[in-house]
Structure formats: C-alpha cells, structure tokens
Amino acid sequence: MNETLELSKMVGLLVPLIILQLILMIIALVLCVKTEETRGPKLMWVLIIIFGQLIGPIAFFLFGRRQA
Amino acid sequence: MNGANEVYRGTHRGAEAPRSATRSSGGAVFLTLLGKECLELLRSFKLIWVPIVFAVLGIMQPVLSYYMPIIIEKAGNMPEGTVIEIPAPMGSQVLADTLSQFGVMGILILALACMGIVSGERNSGASALVLVKPVSYASYILSKWLSIMLLSWGSLLLGYGAAWYYTWLLIEYVDVVPFLLSFVLYGLWFSFVLTVTLLFSTALRSAAGAAFTSLGAAILLTVLAGLIPKYMAWSPGALTGLAYQAATSPGWLQMEPASWWAVITALIAIAALLAASVVLLKRAPARD
C-alpha cells in the first residue's frame, strides 16, 4: 500500500517533467524537418534531438538552424 | 516596418515636419519596435523553448536532491553493507542549488540565444532597413534590450517558481520573502550579463564572439568576487553570492553597505552599457 502510494506520487511528480521535455523535442523535430537547410546533415540533427535528452533540442535551437 | 513609419507620420501630421529632419524617439515608435522584437522572439521560437528549458532545469534540481539517496543506492557501486547517512536537504539549500544551476546553464543558454540580436540584423542588412526610417538609435537598442529582459526575467520566474513549488511539494516550504529576494537579485545579475552581451553584439561582427566575451566577463567577475570578497564586494559579480545568501537566510537578508553597492553598481553599469551600445550603433549603423 505504502509503496504504491510512493510510486504514484513519483509518477505524478515526473509526468510534468517528461511532458515538458516531449514538447521541446517535438517543436525541435518539427522545425528540423520543416526547415530547408540545417547546419550539417538533417538526419544527424534528428538523432541528436531524439537521443540528446534536454541538451539535444537546445543544441538544435541554438546551432542547428541557418540564419535566413 | 511600415507600422513605425505610419505611426511617425500620424503623430506629425499637423506639424508637416520634413521626414529627414530629426530622428523621432517617440513612445509610439518604441512600442512598435518592441512589438517587432517580441514577434521576432516568437517567430524564432525563443519565447517558447527558453522558458520550457528553464522550467525543466528548475524542476530537475529539487527532484534530483529528493531522490539522491535512492540514486546513490541504486547506481553507485558501493561495497555491500555501506551505510551512508545523507542529511535531508534543506529547502532553502535546494533553491540556492537551483540558482547556481541557472547561473551556469541558464546564462549560457540566454547569452547564446541573444548573441546575434544586433550583429545578426546588421550583417543581414535588416538593421539598415529599420534605421533609414525615422527611428532613433536609442529606441532601436532599448527595444532590443527590453525584449531580452522580458525573455530572461520571464524564463527565470517560470523556472525558479517551478523549483520553489517542487521544493515545497518534495522537501519543505520556503518562505516567500527569501524566494522573491533571491529571484530579484539573480534577475539583476542576468540583466547585467545580457546587457554586456548586447553591447558586444553591437561592437563585434561575429555573434559567437559576443556570446563568449560576455560569458567570459561574467565568469571573471564571479571568480573575482569569490576570490577577493573584501575588495570586490561592490562589483556586480557579488550579486550571485548575495542571491544564494538571500535564498538561504530566513526572512529578509541583512544587507551590508557593500552589498547595496553591488546592486547600485549593477544598475549604473547596465545604464552605461546601454549608452555605450547606442554610441557604437551610431558610429556603425550598418555593414557595407
């Protein structure tokens, strides 16, 4: 009983964190696919965004896009 | 930028002022420019991703300190039977840790996000298009500065607020006064560093140069304030330490005169840096 309570509390706490990270990842992915030209191969950026946890999308936002 | 021009004409309709006579610094022009900067932030998605990153950083710190004993137990390769007593973290300490996290990651992200704010426009020629209109250099710089301030203070409030809420949920309630006081002190430090970024963005051709010179200056100031607190207590670099103290002290922080000087010099420095940016922009409004 106590353990399930602890588990549900933990999940409840971590869900906002995961949702925020997912939003970040999705925005970065959409931008990456839609943009005409990225700095470096596009596939590399997609992999970085997906596997780079928090740092991946940040790196894409900061360095991935060519200034129009 | 048609808007600025129309507004300008509108305010001068009766006077029939010649278009090139003086550069207007009216409030309406400034508001139009500010609107343009905010739109730019939104279009480049900075207004969305920077606050989200700050919120994630802010949530991460309390959660990590809460689960630290479990993480060490599961992941650390301790010999069998080792018992480590980790004292339960203090709520105020967690907030100070969050601030130092923002001081590294947060300032890096903000400085990198804002590094091209003037030099990028100047290199692409957009600044020339804006500045041939009757727009004063001061309102051009100020609109950029205010948009950076909105972004940084908003993100910091969101991230720090999230950290405060999670600390309350997981560890303990921290009073509002230390929270707000440390928020304002840290926000002032952010403003100072980002104003330096804005100055270097006006001074240098390369955006990366602007980001790294200002980050270097920020690191130098904090290190100096940490190494020789006696002589550097008045410098803006002392603000970070002051914010940690404010977060960990119960109630109002007892500020020493030197600490007040840190706040005052930061404010003066921000004004001086802005004035210097305007002068630099006036000297070289566009690359040719």
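Every chain is numbered on its own, with residues counted from 1 as its sequence reads. Labels are handed out in written order, letters beginning with A for the chains and numbers beginning with 1 for the ligands. Where local features are concerned, this predicted model is filtered to residues with pLDDT of at least 70; where side-chain atom pairs are given and counted, the filter is 80 or more; whole-chain, interface and lining totals use all residues. Only hydrogens and water are set aside when side-chain values are computed; all heavy atoms of the structure are taken into account.

For chain B, the name recorded in an unreviewed UniProt entry is ABC transporter permease, with Paenibacillus pinisoli as its organism.

Looking at an unreviewed UniProt entry, one finds chain A named PLDc_N domain-containing protein, with Paenibacillus pinisoli as its source organism.

Description of the UniProt feature "transmembrane region" (unreviewed entry) in chain A
All names here are of chain A. As recorded in UniProt, the feature "transmembrane region" (unreviewed entry) lies at residues 12-31 and 43-63. Helix makes up 100% of residues 12-31 and strand 0%, with an end-to-end C-alpha separation of 30 Å. The way it works is that DSSP assigns letters per residue, a run of H or I at least four long becomes a helix, a run of E at least two long becomes a strand, and they are numbered from the N terminus. In this annotation, residues 43-63 is assigned 86% helix and 0% strand; the end-to-end C-alpha distance for the span is 15 Å. UniProt positions are given in the numbering used here, feature names are shortened, and annotations may be inferred rather than shown by experiment.

Section: the pattern of salt bridges
All names here are of chain B. Between Lys or Arg on one side and Asp or Glu on the other, a salt bridge is scored when a side-chain nitrogen of the former is within 4 Å of a carboxyl oxygen of the latter. In this structure the tally under the stated criterion is 4 salt bridges over all chains. Measuring nitrogen to oxygen at the nearest pair gives 2.7 Å for the salt bridge that ties Glu37 to Lys144. Separated by 107 residues along the polypeptide, Glu37 in helix α2 (residues 27-43) and Lys144 in helix α7 (residues 137-170) bring together distant segments of the chain. Accessibility classification places Glu37 together with Lys144 in one group, the buried group. Of the charged contacts, one joins Lys144 and Glu121 as a salt bridge, the two residues approaching to 3.3 Å between their closest N and O atoms. Within this pair, whereas Lys144 is found in helix α7, its partner Glu121 is found in helix α5 (residues 119-124), the two being separated by 23 residues in sequence. Each of the two residues, Lys144 as well as Glu121, counts as buried. Salt bridges sharing common partners tie together Lys36, Glu37, Glu121 and Lys144. Only protein chains enter the calculation, and the probe is 1.4 Å; a residue is then buried if its accessible area is under 20% of its type maximum, exposed if over 50%, and partly exposed in between.

So, the confidence of the model for chain B
Any region with low pLDDT has predicted coordinates that should not be read closely. All names here are of chain B. Per residue, pLDDT measures the predictor's confidence, with a range of 0 to 100. Across chain B, pLDDT averages 85, with 88% of residues at or above 70. Taken element by element, the predicted model of chain B shows its lowest mean pLDDT in helix α1 (residues 2-11) (45) and its highest in α7 (95). A low-confidence stretch, residues 1-21 stays under pLDDT 50, and its non-local contacts, those more than four residues away or across chains, total 20 contacts. Should any heavy atoms of two residues lie within 4.5 Å, those residues are considered in contact.

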